[in-house]
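Structure assessment
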Amino acid sequence: MAPRVVVMGLASDFGCQVQMTNIEDDLLDVLGLIDLSYWQLASSGHMPAEYDVAIIEGAVTTTEHVELLKRVRATAGVVMVIGACAVTGGIPAMAGQGDLEERYGCVYGADGAEVACGRVSPAPVKSVIDVDYEVPGCPMDTTEFLRVLSRALQGLANRVPEEPMCAICKTKENICFLDKGEICLGLFTRTGCGARCVTLGRPCTGCRGLAKDANVESAMKILAAKGFDVDEVAERLAVFNTLEEAFCR
Ligand code: SF4
Ligand code: SF4
């Protein structure tokens, strides 16, 4: 029997599920290997009670998410998370910094804390349940998604490249943005995207999360010595990595 796969979204813009629709050529091959029982973006029905593989996009922001994830973990043999929001908390995690209750009030008015749907400070899926496979990035890379899904279906180990972006950037013979006076977060960020943005002419914004051995303190010192405003660097790093130190190191 083909593995039954469900695809669901928590707090996100569904960008990674949209990415899945962009791989129609390869998707047909993948669909031949699986029983796609539910795809939140594309299904009008409800999620089935039984399935083998759960693919999850988005950050945890509500108590309903927490309960859902616990049920998913108890049901699925394989849990795979896709995209920065699910892997690191991503951009939603920024909302959890400071006074979350006050933010509810800003958005929903005086009774905001009561009526707001979220009651959980935004966090990655791994903060609630064990995760078997990760596809980081904002949005995720479709080729990497297919590779990781294929590994998951074959029961092979999860392999996320961990070396810092600069190591790969150098092999592409790019001129370093830092030498041009522009902030680039490659010093902190794990590769796996082939240093895509920097090779296309844009500094890395750190969407894949921190490299395993990233030495944030030391990198900040290097950047300060080069004349960069480390507060601005920290601000940019926080966009995708607010919770990285807490959950992912
Ligand atoms: S800082 Fe950015 S541009 Fe410089 S080597 Fe690292 S990834 Fe490349
Ligand atoms: S170069 Fe940086 S911002 Fe661009 S995809 Fe890779 S990790 Fe993300």
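Fair warning: this is a prediction, and the values are worked out from it, not measured in the lab. (Residues numbered from 1 in each chain as written. Chains lettered and ligands numbered in written order. Predicted model: local features only at pLDDT ≥ 70, side-chain atom pairs only at ≥ 80, totals over all residues.)

1. Let's talk about the sheet that holds strand 2 (residues 35-39)
Taken in spatial order, the five strands make up an open sheet running 2-1-3-4-5, and their pairing is parallel. Of all the strands in the sheet, just strand 2 and strand 5 (133-135) have a single pairing partner and so form its edges. Averaged over neighbouring strand pairs, the angle between their axes works out to 20 degrees when direction is ignored. Here strand 4 (residues 78-82) runs beside strand 5; their pairing, made up of three bridges, is parallel. Each residue of the ladder has a partner; that of M80, found in strand 5, is Y133. With respect to the sheet, helix 7 (residues 142-154) is in contact with strand 3 (53-57), strand 4 and strand 5, its orientation differing from that of strand 5 by roughly 170 degrees. (Pairing = 2+ DSSP bridges. Helix = DSSP H or I, 4+ residues; strand = E, 2+ residues; numbered from the N terminus. Axes fitted to C-alpha atoms, helices over the stretch in contact; angles between N-to-C directions. Contact = placed C-beta atoms within 7 Å.)

2. Overview of the site of ligand 2
The local shell around ligand 2 holds 13 residues, among which C193, C197, C204, C207 and R208 are the closest. A total of three residues in the shell around ligand 2 trace back to one element, the largest contributor, which is helix 9 (residues 196-200). Looking at the shell around ligand 2, its residues break down into seven nonpolar, four polar and two charged. (Near = placed C-beta within 6 Å. Nonpolar A, V, L, I, M, F, W, Y, C, P; charged D, E, K, R; others polar.)

3. Observations regarding the domain arrangement of the protein chain
The assigned domain composition of the protein chain is domain 1 (4-154) and domain 2 (165-247). Here domain 1 and domain 2 have C-alpha centroids that lie 26 Å from each other. For the side of domain 1 that touches domain 2, the leading source of residues is helix 4 (residues 84-88), giving three residues. Broken down by class, the residue content of the side of domain 1 that touches domain 2 amounts to nine nonpolar, six polar and three charged. (Domains from an automatic or database assignment.)

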